[in-house]
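Each chain is listed here by its residues.
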Amino acid sequence: MNKHTAIVIIASFIIAGPFVFASWNIYGVQQIQFVGTEEKKINYFDIINNGEINLCNPNPFYVIFDKMEVIMIFEQKDKGRFSIQGTTLPPSSVTTLEGKFRSETFQEVQYLSLHFDGMFSGSAPIRIDPSKFSIATETHTTIIGIIPYSITQQYSGFDFWNMLNGEDRELNC
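Residues numbered from 1 in each chain as written. Predicted model: local features only at pLDDT ≥ 70, side-chain atom pairs only at ≥ 80, totals over all residues. Heavy atoms only, no water.

> Describe empty space enclosed by the protein, naming the residues involved and giving the relevant values.
Inspection of the entire model under this criterion finds 2 cavities of 30 Å³ or more. Empty space within the largest cavity amounts to approximately 50 Å³. Lining the largest cavity, in full, are Val29, Ile32, Phe34, Met68, Thr137, Thr139, Ile151 and Gln153. A breakdown of the residues in the lining of the largest cavity according to their chemical character gives 5 nonpolar, 3 polar and no charged. Empty space within the second largest cavity amounts to approximately 40 Å³. In terms of lining, the second largest cavity is formed by Met72, Ile73, Phe74, Lys79, Val109, Leu112, Ser113 and Phe133. Put simply, the parts of the chain that give the lining of the second largest cavity at least two residues each are β3 (63-74) and α3 (106-121). Considering only residue class, the lining of the second largest cavity consists of 6 nonpolar, 1 polar and 1 charged. (1 Å grid on protein atoms, 1.4 Å probe; cavity = no way out; pocket = protein on both sides within 12 Å on 5 of 7 lines; lining within 4 Å. Points joined across faces, edges and corners; volume = space filled by probe spheres on them. Nonpolar A, V, L, I, M, F, W, Y, C, P; charged D, E, K, R; others polar. Helix = DSSP H or I, 4+ residues; strand = E, 2+ residues; numbered from the N terminus.)

Written out as structure tokens, the structure is:
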């Protein structure tokens, strides 16, 4: 192999490296799972008051994000946002992260959280239509450190509650 071919091959790896890393990271962000712990189940009321949530990174590599928001939606209106500042999640692990919840109608969100927690756990009757409650997650990251990219995922309130409490699926952490 001549010298110019070797230089082109090395340059190709150097140029492609950041794009490969960014692709892995975007894939990794999409695989993040919200979980409770063995000791304590997670519920909506705790999230809006204590400001902690557990994230599972099932990938064998680090995942980096700049910001994550869990948006509570009732009757197609944004009722509040739980925001987590960016971090790096270690591979194959569960990480507890603190965040801040903000809402213009905090008392209404407290009532809805208590009601849906009781309803989804089976300890309270259905008084509000659960199909009107949903959760959206927005995870913001960057490609090559400069191009903003966000991933949005939508869940029903019941599906997200089950995901928080490890029901209906196995974790890879």
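> Account for the nonpolar core, with residues named and values stated.
Formed by 37 residues in total, the largest nonpolar core has its most connected members in Phe34, Tyr44, Phe65 and Phe160. Per-element accounting of this core gives the leading share, 6 residues, to β3. (Core = buried A, V, L, I, M, F, W, Y, C linked by side-chain atoms within 4.5 Å. Buried < 20%, exposed > 50% of the residue type's maximum accessible area, 1.4 Å probe, protein only.)

> Quick rundown of α3? Include the residues and the values.
Here α3 contains 16 residues, and its C-alpha end-to-end distance of 22 Å stays within 8% of the 22 Å for a straight helix at 1.5 Å per residue. Regarding α3, the residues found buried are Val109, Leu112, Ser113, His115, Phe116, Asp117, Gly118, Met119 and Phe120. Contact partners of the buried residues in α3: α2 (44-50), β3, β4 (77-89), β6 (100-102), β7 (133-143) and α4 (157-164). Two residues or fewer after α3 comes glycine 122, characterised by a positive phi angle close to 85°. (Expected span 1.5 Å × (residues − 1). Contact = heavy atoms within 4.5 Å.)

> Go over unusual backbone geometry, please, and point to the residues and values.
A positive phi is found at glutamate 75, a non-glycine position, where the angle reads about 50°. Inspection of the secondary structure puts glutamate 75 in the loop between β3 and β4. For glutamine 76, which is not a glycine, the phi torsion comes out positive at approximately 60°. Tracing the backbone shows glutamine 76 in the loop between β3 and β4.

> Any details on the environment of asparagine 49? Residues and values, ideally.
Its place among the elements puts asparagine 49 in helix α2. Taking C-alpha positions, asparagine 49 is 29 Å from tyrosine 62, a pair spaced 13 residues apart along the chain. If near-sequence neighbours (up to four positions away) are discounted, asparagine 49 is found in contact with Phe106 and Gln110.

> Before we move on, could you go through the sheet that holds strand β5 (residues 93-98) and cite the residues and values that matter?
As summarised here, the arrangement of the 3 strands in space is β1-β2-β5, forming an open sheet in which the pairing is antiparallel. The sheet is open, and its two borders are formed by β1 (33-35) and β5, each paired with just one other strand. Within the sheet, the average angular offset between the axes of one strand and its neighbour, ignoring direction, is 35°. Where strand β2 (residues 52-57) and β5 come together, 6 bridges link them in antiparallel fashion. Note on β5: the bridge partner recorded for leucine 55 is threonine 95. Across the sheet, α4 is in contact with β1 and β2; its angle to β1 comes to roughly 70°. (Pairing = 2+ DSSP bridges. Axes fitted to C-alpha atoms, helices over the stretch in contact; angles between N-to-C directions.)

> Give a description of the pairing of β3 that names residues and reports values.
Burial within β3 is extensive, with 9 of its 12 residues counted as buried. Relative to β4, β3 runs antiparallel, the two being bridged by 11 bridges. The residue bridging isoleucine 73 from the neighbouring strand is aspartate 78, located in β4. Two successive antiparallel strands, β3 and β4, enclose a turn made up of 2 residues, where glutamate 75 displays a positive phi of approximately 50°. Looking at chain direction, β3 and β7 are connected through 8 bridges and run antiparallel. Residue pairing across strands places methionine 68 opposite threonine 139, the latter belonging to β7.

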